Amino acid sequence: MMQSFRRKCIFACSCFLTGRKAVLKNTFSTTNKSGSELARFLHSKIKLSGPISIAQYMKECLTNPRYGYYMHRDVFGRDGDFITSPEISQMFGELIGIWILNEWMQAGSPPRLHIVELGPGRGTLAEDVLRVFSKFNHLVKDVSLHLVEVSPKMRELQKAKLSGAGKEEHRGNMGAGKGEHKILESPSEEIVSRFGIPVTWHYNLNDVPRGFSCFIAHEFFDALPVHIFQRSERGWREILVDIDEDGGPHGLRFVLAHAKTASSVVYINEIEKRDRVEVCPEAGVIIQNLAQRIREDGGSALIADYGHDGDKDDTLRGFKDHKLHDVLSEPGTADLTADVDFSYLRLMSGLSVDTYGPITQNYFLRNMGIETRLKEDFLAGSQKLKTW
């Protein structure tokens, strides 16, 4: 288990076939060019149309075409801002590969298999999954990998890794976080990986071809924008981002809307018991899309993320240099994340697919045999020492 306030969970589904009131003042430093440029853009936007939702703020900070956090940098590793499980050991990705293979076999081994990963990071997890399938190519004759990625920089890193152009880099090589990766020069969005399996990039899940598919989303949903609502004496009100007119160091602050917003009317459940709620509509749309595809085409989906089962109320945070970072400080220079509400994903998946979980990542990996896999590596290493 990770830190107590951030539990890594696994969730799966399958089917075989205008007013302003200050709430919390925060304030921005302009020491970073990207942060200062995006901050000026946000100020202009707010001056023009009024306070914006936290979801709008997150979207601009993370995926703004010019200044978005994910769009033009390698954010992973020691020189980045965080490290994910696939970057630590290939065993994680290999076990995911075994899970996909098992799901495919349990479904009757359809003649064609699409492996689809949402937000593939550096491509490390995808590389480990393809390594597994390269060992079983006598079983799966027609398999393809589809990566849903909006960041040009991440696409470059993924192409380099999967083609073999970046294989000289060590796993978790944390010295590459400042743009030192060797990347492919070709602008093509389709390649054949070094494992002989075709790889195609897509900007949107809707662009992925239909057919029996296994979908993987590892630390993807926690980066999607959330709306945040606060219970007040006048009912539910949305928390917005506004200009800090008192001239604080960040230049921005959280405010509570005086009146209901469209989001607070649509997204709040009347029986909600929490006093503060984070809702991610984009996650709901994606889950509905996945559920429809699984219902109509067959397949499975595995979601691994930091999250809860509908019992947390205040999880939005920023990370920079592997430390907590003020959400409103230097927009565009830090990762913004909110824990995934798996109860919401389960609700949005509907009744047409079976859902399981969430369970802890620890429990999932143990059930998948990670201890046996680790023991095999240990024995193999000991044997090499004896014969050295």
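Note that the coordinates shown come from a computational prediction; the quantities given were computed from them, not determined experimentally.

A. Here's a closer look at the overall build of the chain. Along the backbone of the chain there are eleven helices and 18 strands. Residues classed as buried in the chain amount to 56% of the 388 residues present. Carbon and sulfur atoms make up 53% of the accessible area of the chain, which amounts to about 18,300 Å² in all.

B. Local environment of helix α4 (residues 90–106). Relative to the 24 Å expected for 17 residues at 1.5 Å per residue, α4 spans 24 Å between its end C-alpha atoms, a close match to the ideal helical length. Counting buried residues in α4 gives twelve out of 17 residues, a clear majority hidden from the surface. Along α4, the residues classified as buried are M91, F92, G93, E94, L95, I96, G97, W99, I100, L101, E103 and W104. The N-cap residue of α4 is S89: its side-chain oxygen and the backbone nitrogen of M91 are 3.1 Å apart. Immediately downstream of α4, the backbone of G108 shows phi near 95°, a positive value.

C. Spotlight on the pairing of strand β14 (residues 317–320). Burial of the side chains of β14 extends over both faces: R317 and F319 are buried on one face and G318 and K320 on the other. The pairing of β14 with strand β16 (residues 335–337) spans three bridges and is classified as antiparallel. Each residue of the ladder has a partner; that of G318, found in β16, is L336. One ladder, built from three bridges, connects β14 with strand β15 (residues 323–325); its direction is antiparallel. Residue pairing in the sheet places F319 in a bridge with L324 of β15. The hairpin turn running from β14 into β15, its antiparallel successor, is two residues long, and D321 in that turn takes a positive phi close to 55°.

D. Seen up close, the environment of V75. Note that V75 resides in the loop between α2 (54–63) and α3 (85–88). Between the C-alpha atom of V75 and that of M154, which follows or precedes it by 79 residues, the distance is 9.2 Å.

E. How the structure looks around the confidence of the model for the chain. Across the chain, the average pLDDT comes to 84, with 82% of residues at 70 or higher. Per-residue pLDDT stays below 50 along residues 172–188; that stretch engages in 33 contacts with residues further than four places along the chain or on separate chains. In the predicted structure, residues 382–388 sits below a pLDDT of 50 and forms zero contacts with residues beyond four places in sequence or in another chain.

F. Representation of the sheet that holds β15 in the model. Across the sheet, which stays open at both edges, the three strands sit in the order β15-β14-β16 with antiparallel pairing between neighbours. Of all strands in the sheet, those with a lone pairing partner are β15 and β16, marking the two edges. Along the sheet, successive strands turn relative to each other by an average axial angle of 40°, direction set aside.

G. Empty space enclosed by the protein, seen in detail. Its boundaries defined by the atoms lining it, the largest cavity holds a volume of some 120 Å³. The wall of the largest cavity is formed by 15 residues, among which V226, C280, D339, V340 and D341 lie closest to the centre. Looking at the lining of the largest cavity, the elements that each hand over two or more residues are β12 (276–279), β17 (340–341) and α9 (342–349). Counted by class, the lining of the largest cavity contains ten nonpolar, one polar and four charged residues.

H. Just a nonpolar patch on the surface, in detail. A contiguous nonpolar surface patch, about 280 Å² in accessible area, is contributed by V265, V266 and Y267. By the secondary structure assignment, V266 is in helix α7 (residues 262–267).

I. Main features of the pattern of salt bridges. Within this structure, the stated rule accounts for 23 salt bridges. Residue E94 is joined to R131 by a salt bridge in which the shortest nitrogen-to-oxygen separation is 3.6 Å. With E94 in helix α4 and R131 in helix α5 (residues 124–135), this residue pair connects regions lying 37 residues apart in the sequence. Taken individually, E94 and R131 each receive the classification buried, so the pair is uniform in this respect. Several salt bridges converge on common partners, so that one network encompasses E94, D128, R131 and R373.

Rules used throughout
- Residues numbered from 1 in each chain as written.
- Predicted model: local features only at pLDDT ≥ 70, side-chain atom pairs only at ≥ 80, totals over all residues.
- Heavy atoms only, no water.
- Helix = DSSP H or I, 4+ residues; strand = E, 2+ residues; numbered from the N terminus.
- Buried < 20%, exposed > 50% of the residue type's maximum accessible area, 1.4 Å probe, protein only.
- Areas by Shrake-Rupley, 256 points an atom, 1.4 Å probe, with all protein chains shown as cover.
- Expected span 1.5 Å × (residues − 1).
- Polar contact = N/O pair within 3.5 Å; in protein donor to acceptor, adjacent residues only side chain to side chain.
- Pairing = 2+ DSSP bridges.
- pLDDT = per-residue confidence, 0-100.
- Contact = heavy atoms within 4.5 Å.
- Axes fitted to C-alpha atoms, helices over the stretch in contact; angles between N-to-C directions.
- 1 Å grid on protein atoms, 1.4 Å probe; cavity = no way out; pocket = protein on both sides within 12 Å on 5 of 7 lines; lining within 4 Å.
- Points joined across faces, edges and corners; volume = space filled by probe spheres on them.
- Nonpolar A, V, L, I, M, F, W, Y, C, P; charged D, E, K, R; others polar.
- Patch = residues over 30% accessible without salt bridge, like charges linked within 9 Å, V, L, I, M, F, W, Y side chains within 5 Å.
- Salt bridge = Lys/Arg side-chain N within 4 Å of Asp/Glu carboxyl O.

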